[in-house]
Amino acid sequence: MMNSSIIRIVCVHIQLFFSIIHSSTAFSASATSQNNVPLIDKYTTPDNLSSKVAIVTGSSRGIGKGIALELGRAGMTVYVASRSTRSGSISTERELGSFEDCTVERTAEEINELGGKGIPIPLDVSNDDGIAQLVQKVQEECGRLDVLICSAFTTPPNLTDASFRDEFWKQKGQMWDACHGVGLRGAYMACCESVPLMIQTAEKFTGTRPLIGIISSFGGKSYTFNVAYGVGKAAADRLASDMSVQLSKYNIDTIALYPGLVKTEGNIEMEKRGEWEEASGGFDLAMGETPRFSGRAMTLLAANSELTKERSGKVVVVAELAKELGFTDIDGRTPASIRSLQFILPEFVFPQIEKQSGSPLPNWIKNNVPDYLLPWSTFSGGPPPTND
């Protein structure tokens, strides 16, 4: 969700963009469309993770599952921890339609098919004892813990309609508890229980730097959806940042990972039901990332201790890391960062221009937007824009 101050700054960049277009022979009506470039999957699975062990919470579906699968593809032993299990309950906050088997068992099976070792663990991260028991199991079975991914998140109420973006005094405590319970407190407790084993791992295995990944979002930097959501994501970023201060002397790194717009099972089903546009505020899900794009980012971070040491405590944007390291999503696309003009103009600016002018922009403009990142300082406060 973009705020009005960002829109004004973007307009300045657009004026510069169009002046470059009109004065350059590099852009013309006959320019080659980015959409016509053949898509090639560019990703090399790291080969130094096969002896390592990970816990991934919230991994029966969505971003957590995407990360678990890619860690498993790299040969890791992955403890797949989530509430949904074939032998018990299935979380019901979101309708998953055709995605019937979103369980820890299915994720573990897919990891095994990819060459890793998946271990399904039914777990509600709001249960502190359950988290402690999982870490104890990992210690007894593997004697090490190299990666902890905190991706569990309770689906907030009213996600399928515009009230998800309502004023905070109307949403009251229900929205706050949903955004801060499992997603924030659960992550904190998972870290509390896991860190002692990660310290032992760093001490026992020379050159090993265990990694904690907190799944956050751009809501930590800019107003997004509602007050409670943004506060929760900002706190997740701070959790990664402040833990790094205390963990650096133990050679443990922390990252707050920012996926972009993600084609999760729930989001895909919302679009099928015609609920996505209103609930999301008009995002084009076709521009989104697959969950495994985040998985590739986290796997490459786990395989590069020098990089995680350098970035520890900081935000890492999946799309920006992909551009830096040269990898693509599984479909060969390289989705733009949410703070890139390649995302902002098509999502927010071009639709407004077309609405006001009554005519579509030519493709030679739409298909030649530069991948220019707005500075983080641009993303702060204020209400979201409207299309009125």
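This text goes with the structure placed above it.
Quick look at the pattern of salt bridges
For the structure on display, the rule yields 22 salt bridges. When the shortest N-O distance is used, the salt bridge between Asp 371 and Lys 323 registers 3.1 Å. Taken together, the residues span a long stretch of sequence, with Asp 371 in the segment after helix H13 (363–366) and Lys 323 in helix H11 (residues 318–325) at a distance of 48 residues. Since its relative accessible area comes to 54%, Lys 323 is described here as exposed. One continuous salt-bridge network, built from bridges that share partners, spans Asp 41, Glu 70, Arg 73, Arg 292 and Arg 296.

Side note on the packing of helix H4 (residues 128–142) against helix H5 (residues 168–204)
For the pair H4 and H5, interaxial distance at closest approach is 10 Å and the crossing angle is 25°. Put simply, H4 runs roughly parallel to H5. Crossing hand, H4 versus H5: right-handed. Taken together, the residues of H5 that come into contact with H4 (itself represented by Asp 128, Ile 131, Ala 132, Val 135, Val 138 and Gln 139) are Arg 185, Gly 186, Met 189, Ala 190, Glu 193, Ser 194, Leu 197 and Gln 200. The residue inventory of the contact of H4 with H5, partitioned by class, reads seven nonpolar, four polar and three charged.

A short note on H4
With 15 residues, H4 should reach 21 Å at 1.5 Å per residue; the first-to-last C-alpha distance of 21 Å fits that figure. Among the residues of H4, Gly 130, Ile 131, Leu 134, Val 135 and Val 138 are the ones counted as buried. Down the axis of H4, the smallest arc covering the buried residues is 135°, so these residues share one side. Opposite its buried face, H4 presents the exposed residues Asp 129, Gln 133 and Glu 140, each directed more than 90 degrees away. Against the buried residues of H4 lie strand S1 (53–57), strand S2 (77–82), strand S3 (117–122) and H5. At the N-terminal end of H4, a side-chain oxygen is found 3.0 Å from the backbone nitrogen of Asp 129, two or three residues along, and the residue is Asn 127. Within two residues after H4, Gly 143 carries a phi angle of roughly 70°, on the positive side.

Cut-off values and rules
- Residues numbered from 1 in each chain as written.
- Predicted model: local features only at pLDDT ≥ 70, side-chain atom pairs only at ≥ 80, totals over all residues.
- Heavy atoms only, no water.
- Salt bridge = Lys/Arg side-chain N within 4 Å of Asp/Glu carboxyl O.
- Helix = DSSP H or I, 4+ residues; strand = E, 2+ residues; numbered from the N terminus.
- Buried < 20%, exposed > 50% of the residue type's maximum accessible area, 1.4 Å probe, protein only.
- Axes fitted to C-alpha atoms, helices over the stretch in contact; angles between N-to-C directions.
- Parallel < 35°, antiparallel > 145°, perpendicular 65-115°, else oblique.
- Left-handed = near helix turned anticlockwise from the far one by under 90°.
- Contact = heavy atoms within 4.5 Å.
- Nonpolar A, V, L, I, M, F, W, Y, C, P; charged D, E, K, R; others polar.
- Expected span 1.5 Å × (residues − 1).
- Arc of directions from axis to C-beta.
- Polar contact = N/O pair within 3.5 Å; in protein donor to acceptor, adjacent residues only side chain to side chain.

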